[in-house]
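Observations on the three-dimensional arrangement
Each chain is listed here by its residues.
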Amino acid sequence: MRIGFIGLGAMGLPMARHLVDAGHQVTVASRSRGPIDEAIRFGAHDGKNPLGTVAASEVTILCVPNSPDVISVLDEALPALEPGKIVVDTSTIDPEVERTQHARVETTGAHHLEAPLSGGTAGAQKGQLTLMVGGDPDVLEAARPALEPFAGLIVHVGGPGMGQVVKLCNNLIYAAQMLATAEATVMAQKSGVDLSKLHQVLTHATGDCVAVRTRLPAPGVIPESPASNDWKPGFMTDLMAKDLDLAIGYAARQRTPLLTAGVVRQILSAASEAGYGREDFSALAKILQALAGV
């Protein structure tokens, strides 16, 4: 299949590599030259820009940071869209913005899906991402060969915008997990608890969760955790903050209560202000450590 890929960041570059490894003809575009050159080295082709990438492709995958980026890419690419082409947006953006982009793409005769991702950079590198797909299920079946090489699970969750809603729900839970994990870790640190023993208990008790298993924020406890690797991001603080802003805004429009999100968002803001914005979002624990004098 001829596949376009726009956005070769920490997630996008390994996703594109999986597509090349699966035997697809992959054409790429990105803001920075470095990732494009790396993609060319592993077998992709340079689309020059979004317009050229979409023109060369049957299915084009977007993986960019935010709503304005998605709109900008589609502004440029729209003239290359036509019946038979499919756009799959794997970015995490506002559900209403996504619905608007869906309608824009459909006016050309092309089709649109959203498929926001969960699994972080580790999941992208392993080809084990979870995709939450919104749009027409028949379009998903047509696009499935372009998604399976980097997916561990693909779930059709509903019509346009619903993939984004499910992604925001997922990240609300994950952010709350991370704050609770950080609070518990700091309390244990200040009390002199052996953190490896804490981790052993938590992973076999009712406190077990993904944040505990992958991001307990203390160096040396989990070898592959961000805390043990100079806070290298699997998911950056600034990106989690962006996703919480989306969730808080969407919940306000839906008139549904969000209680923990506001608290986590303030801690993330403090982490960004302290210079941790491009570190993994588990670095919010450093704010709690400072407050506790740990």
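As shown above, the structure is provided for reference.
Computed from a predicted model, the values in this text were never measured in an experiment.

The next thing to look at is the packing of helix 5 (residues 95–106) against helix 8 (residues 162–191). Two numbers describe how helix 5 lies on helix 8: the axes approach to 8 Å, and their chain directions differ by 160°. Here helix 5 is positioned roughly antiparallel relative to helix 8, judged by the angle of their axes. Judged by the sense of rotation from one axis to the other, the crossing of helix 5 with helix 8 is right-handed. Listed contacts from helix 8 to Pro-95, Glu-98 and Arg-99 of helix 5 are Met-162, Gln-164, Val-165 and Leu-168. For the contact of helix 5 with helix 8, a count of residues per class yields four nonpolar, one polar and two charged.

With that out of the way, let us pick up the packing of aromatic side chains. According to the stated counting rule, one finds two aromatic pairs in the structure shown. Taken together, a centroid distance of 5.2 Å and an interplanar angle of 75° make the contact between Tyr-174 and Phe-281 edge-to-face. With Tyr-174 in helix 8 and Phe-281 in the loop between helix 12 (260–276) and helix 13 (285–292), this residue pair connects regions lying 107 residues apart in the sequence. Taking 6.0 Å as the distance between ring centres and 75° as the angle between the ring planes, the aromatic pair formed by Phe-235 and Phe-281 counts as edge-to-face. Here Phe-281 lies in the loop between helix 12 and helix 13 and Phe-235 lies in the loop between helix 10 (210–215) and helix 11 (237–254), a separation of 46 residues in the sequence.

All right, on to the pairing of strand 5 (residues 86–89) then. In summary, the side chains of a regular strand alternate between the two faces of the sheet. Of the two faces of strand 5, the one lined by Ile-86 and Val-88 and the one lined by Val-87 and Asp-89 are each fully buried. Sheet analysis places strand 4 (residues 59–62) next to strand 5, joined by four bridges and oriented parallel. Looking across to strand 5, one finds that Thr-60 is bridged to Val-87. Considered for its hand, the β-α-β crossover made up of strand 4, helix 4 (residues 67–77) and strand 5 is right-handed. Crossover connection from strand 5 via helix 5 to parallel strand 6 (residues 111–114): handedness right-handed.

Cut-offs and rules
Residues numbered from 1 in each chain as written. Predicted model: local features only at pLDDT ≥ 70, side-chain atom pairs only at ≥ 80, totals over all residues. Heavy atoms only, no water. Axes fitted to C-alpha atoms, helices over the stretch in contact; angles between N-to-C directions. Helix = DSSP H or I, 4+ residues; strand = E, 2+ residues; numbered from the N terminus. Parallel < 35°, antiparallel > 145°, perpendicular 65-115°, else oblique. Left-handed = near helix turned anticlockwise from the far one by under 90°. Contact = heavy atoms within 4.5 Å. Nonpolar A, V, L, I, M, F, W, Y, C, P; charged D, E, K, R; others polar. Phe/Tyr/Trp six-rings, centres within 6.5 Å; stacked < 30°, edge-to-face > 60°. Buried < 20%, exposed > 50% of the residue type's maximum accessible area, 1.4 Å probe, protein only. Pairing = 2+ DSSP bridges. Right-handed = clockwise from strand over helix to strand, strands pointing away.

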